[in-house]
Amino acid sequence: MKKVLWIQIVSYKPNSDAPANRAVAFANFFKERGWKVNIITNGNKNTIENDDGIVIYRLNNRFYYKKKNIINRLLSNLVFLHKTKTVIKKNKMNIKNSFFMASSPELITSKAGFLAKKHGAVFVFDVRDIWPEVAIEMNAFPEKSIFAKIFRKCANKLYDKADHITTVTKRKTEYLRKYLNYRYASKVHYIANGFDLNDLKLEPDYSVIEKYSLTNQQIVSYVGNVGAAQGLDILLSLAESYKKIFFLICGKGKELEKLQLNVKEKQLNNVIFTGSITKNAAIAVTKYSYISFISLQSEKMRDSVPTKLYESLGFGTPVFLIAEGEAVEILNESRLGVSANPVDFNGIKKQFKEMIENYENIIANKDYAINFIKKEHSRQRAAENLLNIFEMHLN
């Protein structure tokens, strides 16, 4: 095999969402170790860029930028899959004996890995969400529905075809190793999400703080996708009770319009929507925040760890986490925050009040948390583990 890595990912820099940040960290790590790295991602036109030695194929996909709904998401996935296959066909010789990594949660697009494998690549299926389980946990559809059957069939085919299956949390790893009576156990690997240590070298962009006149204000910030899984309604409820604190929501998603309407109806002058922001601006918002707000809608999502948890702790920002399971375990180990159960509304309000009142004792653990994340949960460490898997195939 050759030291050539292809990463197919729905989003890449300058975007600062979780898929993009994971791909960027892996791309930089492998490039620094002498690998040739190629990125295939969505774009608003077809371009081929050279980003300091990393080749980026941006594929024109107008549906990716349209309002998020089932139809547009399906069309976006189909377009991205088709155009990724075109890139693979045009680069057959470069694909041969390379490593092709496709990332969920977009199952349909990851099927491009089948073609890459046909042309001689090692196919790595990077599982960020387990489908259809994640949708069932969010009550998107029942376990015995036709949608669950379709997604399960698609996921099983990806598991069958993949040479390696990587997962982002310990509980996801354990689940997939046991799945279907340990059928895939030997090829499932824990390659965690985490904090990109290179982010510590980036210059924060405080333009968002300045634009909304938030200097010297207490800020509770949420940075990320504004979707159903995040359960951001509770953030607005907290804003009603704490009028002297500014609640900043940075990002876009299908729940954004609903939240904006709620804020307007409730006349909440302390809630600000910034829309999508750059990575450097996201770093500035996180570092400047009094509290980083992180939420998962369902208590059933015990195997999920939001990327923003690692990032907030890595910058030493106290976290108010609404979740159960592995994410809570990591927060508790860091000592830099408070958690609450997603279904206990009164408990959420009580825990948030406790965090405000006990803030000085919590922030005293800032240095401990930063060092804990650096040592145990860096993306560089995860990339090193991925490299170890690849080295089994190298000549």
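Everything quoted here is computed from the prediction, not taken from an experiment.

### Focus: helix α1 (residues 18–32)
1) Next: Its 15 residues give α1 an end-to-end C-alpha distance of 22 Å, which sits within 8% of 21 Å, the value for a rise of 1.5 Å per residue.
2) Next: With 12 of 15 residues buried, α1 lies mostly within the body of the structure.
3) Next: Between the side-chain oxygen of the N-cap and the backbone nitrogen of A20 there are 3.0 Å, and the N-cap of α1 in question is D17.
4) Next: With its phi angle positive at about 85 degrees, G34 sits one or two positions after the end of α1.

### Quick notes on a positive patch on the surface
1) Next: Taken together, the side chains of K85, K89, K111, K118, K153, K157 and K161 define a basic patch exposed on the protein surface.
2) Next: At the level of elements, α2 (70–90) and α7 (146–161) are the ones that each hand at least two residues to the positive patch.
3) Next: Broken down by element, the residue count for the positive patch peaks at three residues, all from α7.
4) Next: Turning to its location among the elements, K111 is positioned in the loop between α4 (107–110) and α5 (112–118).

### With respect to unusual backbone geometry
1) Next: Look at the link from K13 to P14: it is a cis peptide, with omega at 20 degrees.
2) Next: Among the structural elements, P14 can be located in the loop between β1 (4–8) and α1.
3) Next: In this model, W131 is joined to P132 through a cis peptide bond whose omega is 5 degrees.
4) Next: Its place among the elements puts P132 in the loop between β6 (122–127) and α6 (133–137).
5) Next: Unlike most non-glycine residues, L180 shows phi in positive territory, near 50 degrees.
6) Next: Here L180 shows up in helix α8 (residues 170–182).
7) Next: Unusually for a residue other than glycine, S213 sits at a positive phi of about 55 degrees.

### A look at the sheet that holds strand β14 (residues 337–340)
1) Next: With respect to topology, six strands assemble into an open sheet ordered β11-β10-β9-β12-β13-β14, the strand pairing being parallel. Of all strands in the sheet, those with a lone pairing partner are β11 (271–275) and β14, marking the two edges. If you compare each strand with its neighbour and ignore which way they point, the axes differ by 20 degrees on average.
2) Next: Bridge analysis of strand β9 (residues 219–223) against strand β12 (residues 291–295) gives two bridges, and the strand direction is parallel. Bridge pairing in β12 places V220 opposite I291.
3) Next: Contacting β9, β10 (246–250), β11, β12 and β13 (319–322), helix α10 (residues 233–241) crosses the sheet at an angle of about 160 degrees to β10.

### Quick notes on the layout of surface pockets
1) Next: Here the second largest pocket is characterised by a volume of approximately 290 Å³.
2) Next: What lines the second largest pocket is a set of 16 residues, and nearest its centre among them are K170, Y190, A192, E376 and H377.
3) Next: Every element with two or more residues in the lining of the second largest pocket is listed here: α8, α14 (326–334), α17 (366–376) and α18 (379–390).
4) Next: Among the residues forming the lining of the second largest pocket, the class breakdown is five nonpolar, four polar and seven charged.

What counts, and where the lines are drawn
Residues numbered from 1 in each chain as written. Predicted model: local features only at pLDDT ≥ 70, side-chain atom pairs only at ≥ 80, totals over all residues. Heavy atoms only, no water. Helix = DSSP H or I, 4+ residues; strand = E, 2+ residues; numbered from the N terminus. Expected span 1.5 Å × (residues − 1). Buried < 20%, exposed > 50% of the residue type's maximum accessible area, 1.4 Å probe, protein only. Polar contact = N/O pair within 3.5 Å; in protein donor to acceptor, adjacent residues only side chain to side chain. Patch = residues over 30% accessible without salt bridge, like charges linked within 9 Å, V, L, I, M, F, W, Y side chains within 5 Å. Areas by Shrake-Rupley, 256 points an atom, 1.4 Å probe, with all protein chains shown as cover. Salt bridge = Lys/Arg side-chain N within 4 Å of Asp/Glu carboxyl O. Lys, Arg positive; Asp, Glu negative; His and termini not counted. Charge placed at Lys NZ, Arg CZ, Asp CG, Glu CD. Pairing = 2+ DSSP bridges. Axes fitted to C-alpha atoms, helices over the stretch in contact; angles between N-to-C directions. Contact = heavy atoms within 4.5 Å. 1 Å grid on protein atoms, 1.4 Å probe; cavity = no way out; pocket = protein on both sides within 12 Å on 5 of 7 lines; lining within 4 Å. Points joined across faces, edges and corners; volume = space filled by probe spheres on them. Nonpolar A, V, L, I, M, F, W, Y, C, P; charged D, E, K, R; others polar.

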